[in-house]
Amino acid sequence: MKPTLPLPVFPTIALETTSLTSAAWESDNACGLVLLLPNDSKASKGPNGQAGQWAALEQTPWADALSLRLAAFPEKTNPVVTTTPNGLRTAIGFIDENVSSFKLLTLARKLVGPLLNERPRQIRVVSLLDDDGAAQAMANALVAAVHAAVFRLPKITGKPEPVSALATVTFVGAYGEVDFSHALATAEGNNLARWLTQLPGNYLTPALYRHYAETLAKQEGWGADFIDLKRLEKLGAGAFLSVTEASPNRDAGILHLTHRPKGSSGPALALVGKGICFDTGGTNLKVGGGMLGMHGDMQGSAVALGTFLALTRLGFKQPLDCWLALAENHIGPDAVKCNDVITALNGTTIELINTDAEGRMVLADTLALASREKPAAILDYATLTGAVVAALGQRMAGAMTNRRDWVEPIIQAGEHCGERVWPMPYEDDYDEDLESQVADTLQCRTQGAGDHLYAARFLGRFVDQGIGWVHVDMASSGTHKGGLAQIPTDVQGFGVRFGVEWFSNRVKAKGAATS
């Protein structure tokens, strides 16, 4: 019997808003304080003529004490963590005008982290900002950061794990008509993605992954259809099947989830995710430490599923599809070899070059299946290539698209949501380097740089030209030591916020074009 865990429990934290009164400064040993101050000289002046953050401090009962305390830190220190004269553990954040979403999320993580270490029951967030819009943005960033920080990633242990004591976050001051629904939905989707990615390989085989996803589908009212290996054989999905030849368990397949909101019509928006639950490299066996962490090679599918959940939570009105390519890449007597030629679901013949490039193989047939449904657009996620890490480092994802006019919108969507995605070239002359003497295409190049670009060109063969498609190579953003943006863990679950932003923008763009 394979080990299983119950689906994760997401944090339940009360979110309150109230006006600024003297109660905000009352001492409470079970409370942490976040103080939001302006970080520009254009802010309104205080009663003594001070500008910016210094004027804002006049609204507290400890203006002189805090001013002296802040003066002890280097000028650009942000945030400053200190203790008020009445004993409130306090994190002070300085908010710039027109600051990026990524920087707001980063500041939010750094604000709440030290306070949560004190195990408070309540966090008060007091805004002394002049701009309600800036206060709203920071409040939403803090909600995202809190939910990421208190969520418990799986740990296999018989010892009781500590549970966060935090019950309430109270936002004090002027926040306008603040709405936390987006922050809560995307946080839940991100937490699901990180939870799945953290699971050890023996706790997330394709069969167990299918179990978790289908259990969630029942809870959420989604449709679920698992296309197993027998059906894939009948469909001629040779690209996918080539990866599973050596698997000792015949549990791989493609899970197709559907969400059809009441009253929705028209073609669906499709999410696709690479779900390699463990990757040995196959015949091109990984060596040294290269196999460590390969249980996380399914993070693209987890992000697709998390995005699907977040869109459901937000009441997204457009039909949605989610395709999860679930498999393991094993080594064994039946494993495929270099220079083997296989035939993909859409009839394309592929000469295998490297069995460790299995992700593009399972995605090829999954994209072809998704295309058969004629979706309005496709967004796929995959921890696909080391080349994108070499190109971008580990702070943003790379993207390739078959729509040149989507390049700038991709950048803007990433910047707006705080998950930065940078488009890479998608030019057809790269196909010349993938020409094979014995098949329609090489799986990848035998050597040379730019594998992320060639992988995208390869995958583009399996997407109908009439369908707009974005491929997100998140090998460069799936993990980041010490956390990134609002996420405090190495495992990032990167892409849920971007997916929600991107599909929401596609719907708006379609509406604008038809109005």
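Keep in mind that this is a model prediction, so the values were computed, not measured. (Residues numbered from 1 in each chain as written. Predicted model: local features only at pLDDT ≥ 70, side-chain atom pairs only at ≥ 80, totals over all residues. Heavy atoms only, no water.)

K.L.:
Got a minute to help me understand the packing of aromatic side chains in this structure?
P.N.:
Two descriptors summarise a pair of aromatic rings, namely the distance from one centre to the other and the angle between the planes of the rings. Within this structure, the stated rule accounts for 11 aromatic pairs. Where Trp406 meets Trp502, the ring centres are 5.3 Å apart and the plane angle is 75°; that geometry is what we call edge-to-face. You can see Trp406 sitting in the loop between strand 14 (397-401) and helix 12 (407-417) and its partner Trp502 sitting in helix 14 (residues 496-514), a full 96 residues away along the chain. In textbook terms, an aromatic cluster arises when at least three aromatic residues are bridged by ring pairs, as seen for Phe171, Tyr175 and Phe180. The ring of Phe102 is capped by Arg420, whose NZ or CZ atom sits 3.6 Å from the centre of that ring. The lysine or arginine in question, Arg506, covers the ring of Trp502, its NZ or CZ lying 4.5 Å from the ring centre. (Phe/Tyr/Trp six-rings, centres within 6.5 Å; stacked < 30°, edge-to-face > 60°. Helix = DSSP H or I, 4+ residues; strand = E, 2+ residues; numbered from the N terminus. Lys NZ or Arg CZ within 6 Å of the ring centre and 35° of its normal.)

K.L.:
Explain the sheet that holds strand 6 (residues 168-172) to me, please; I cannot follow it from the model alone.
P.N.:
Strands pair in a sheet through their backbones, by hydrogen bonds, and they do so in one of two ways: parallel or antiparallel. Ordered by their spatial adjacency, 6 strands build an open sheet running 1-6-5-2-4-3, and the pairing between neighbours is mixed. Each edge of the sheet is formed by a strand with only one pairing partner; in this case those strands are strand 1 (14-18) and strand 3 (80-83). Neighbour-to-neighbour, the strand axes of the sheet open up by a mean angle of 20°, direction not taken into account. Inspection of the sheet shows strand 5 (residues 122-127) paired to strand 6 by 5 bridges, in the parallel sense. When the bridges of strand 6 are listed, Val126 appears paired with Val172. (Pairing = 2+ DSSP bridges. Axes fitted to C-alpha atoms, helices over the stretch in contact; angles between N-to-C directions.)

K.L.:
Help me understand the pattern of salt bridges in this model?
P.N.:
Opposite charge on two side chains lets them pair, provided their charged atoms get close. Under the criterion given, the structure shown has 16 salt bridges. Put simply, Arg260 and Asp321 hold a salt bridge, and the shortest N to O gap is 2.8 Å. You can see Arg260 sitting in the loop between strand 8 (253-259) and strand 9 (269-279) and its partner Asp321 sitting in strand 10 (residues 320-329), a full 61 residues away along the chain. In this structure, the salt-bridge partner of Arg360 is Asp451, at a minimum N-O distance of 2.8 Å. Note that Arg360 is positioned in helix 10 (residues 358-372) and Asp451 in helix 13 (residues 451-460), a separation of 91 residues in sequence. Arg360 sits in the buried class, given a relative accessible area of 3%. Residue Asp451 is classed as partly exposed on the basis of its relative accessible area of 24%. Shared partners join several salt bridges into a network, and the residues in it are Glu188, Glu220 and Arg313. (Salt bridge = Lys/Arg side-chain N within 4 Å of Asp/Glu carboxyl O. Buried < 20%, exposed > 50% of the residue type's maximum accessible area, 1.4 Å probe, protein only.)

K.L.:
Hey, could you run me through the side chain of Asp380 in this one?
P.N.:
Residue placement: Asp380 occurs in strand 13 (residues 377-382). Within the structure, Asp380 has its side chain in polar contact with the side chain of His471 (distance 2.7 Å). (Polar contact = N/O pair within 3.5 Å; in protein donor to acceptor, adjacent residues only side chain to side chain.)

K.L.:
Hey, could you run me through a negative patch on the surface in this one?
P.N.:
On the surface, Asp96, Glu97, Asp130, Asp131 and Asp132 cluster together into a patch of negative charge. Checked against the element boundaries, Glu97 lands in the loop between strand 4 (89-95) and helix 3 (101-116). (Patch = residues over 30% accessible without salt bridge, like charges linked within 9 Å, V, L, I, M, F, W, Y side chains within 5 Å. Areas by Shrake-Rupley, 256 points an atom, 1.4 Å probe, with all protein chains shown as cover. Lys, Arg positive; Asp, Glu negative; His and termini not counted. Charge placed at Lys NZ, Arg CZ, Asp CG, Glu CD.)

K.L.:
When you look at helix 3 in this model, what are you seeing that I'm missing?
P.N.:
The periodicity of an α-helix, 3.6 residues per turn, causes residues three or four places apart in sequence to face the same way. Between its first and last C-alpha atoms helix 3 spans 22 Å; for 16 residues at 1.5 Å apiece the expected length is 22 Å, and the two agree. Of all 16 residues that make up helix 3, 12 are buried, and the element is covered over most of its length. Three or more residues of helix 3 are buried, namely Ser101, Phe102, Leu104, Leu105, Thr106, Leu107, Ala108, Arg109, Leu111, Val112, Leu115 and Leu116. (Expected span 1.5 Å × (residues − 1).)

K.L.:
Help me understand the sheet that holds strand 14 in this model?
P.N.:
Strand order in this open sheet of 8 strands is 7-8-10-9-13-17-14-15, and the pairing throughout is mixed. Only two strands of the sheet have a single neighbouring strand rather than two, namely strand 7 (223-228) and strand 15 (421-423). Across this sheet, the average inter-strand angle for adjacent strands is 20°, counted without regard to direction. Bridge count between strand 14 and strand 17 (residues 468-473): 4 bridges; the pairing is antiparallel. Bridge pairing links Met400 to His471 in strand 17. On top of the sheet, helix 9 (residues 299-313) reaches strand 8, strand 9, strand 10 and strand 13; it is set at about 145° to strand 9, its chief contact. The sheet strands contacting helix 12 are strand 14, strand 15 and strand 17, and the helix crosses strand 15 at an angle near 165°. (Contact = heavy atoms within 4.5 Å.)

K.L.:
Where do I start with the pairing of strand 9 in this structure?
P.N.:
A regular strand places its side chains so that they alternate between the two faces of the sheet. Buried residues dominate strand 9, accounting for 10 of its 11 residues. Bridge analysis of strand 9 against strand 13 gives 5 bridges, and the strand direction is parallel. Counted as the bridge partner of Gly273 is Tyr381 from strand 13. Strand direction decides the pairing type here: strand 9 and strand 10, joined by 10 bridges, are parallel. If you follow Leu269 over to strand 10, its bridge partner there is Leu320. One crossover worth recording links strand 9 to the parallel strand 10 by way of helix 9, and it is right-handed. (Right-handed = clockwise from strand over helix to strand, strands pointing away.)

K.L.:
Would you take a moment to explain the pairing of strand 2 (residues 31-38) for this structure?
P.N.:
The buried fraction of strand 2 amounts to 8 of the 8 residues, a majority that puts the element mostly inside the structure. Burial of the side chains of strand 2 extends over both faces: Cys31, Leu33, Leu35 and Leu37 are buried on one face and Gly32, Val34, Leu36 and Pro38 on the other. Sheet topology note: the strand 2/strand 5 ladder contains 6 bridges and is parallel. Bridged to Leu33 within strand 5 is Arg124. In terms of strand pairing, strand 2 meets strand 4 through 7 bridges, oriented parallel. Bridge pairing in strand 4 links Leu33 to Thr90.

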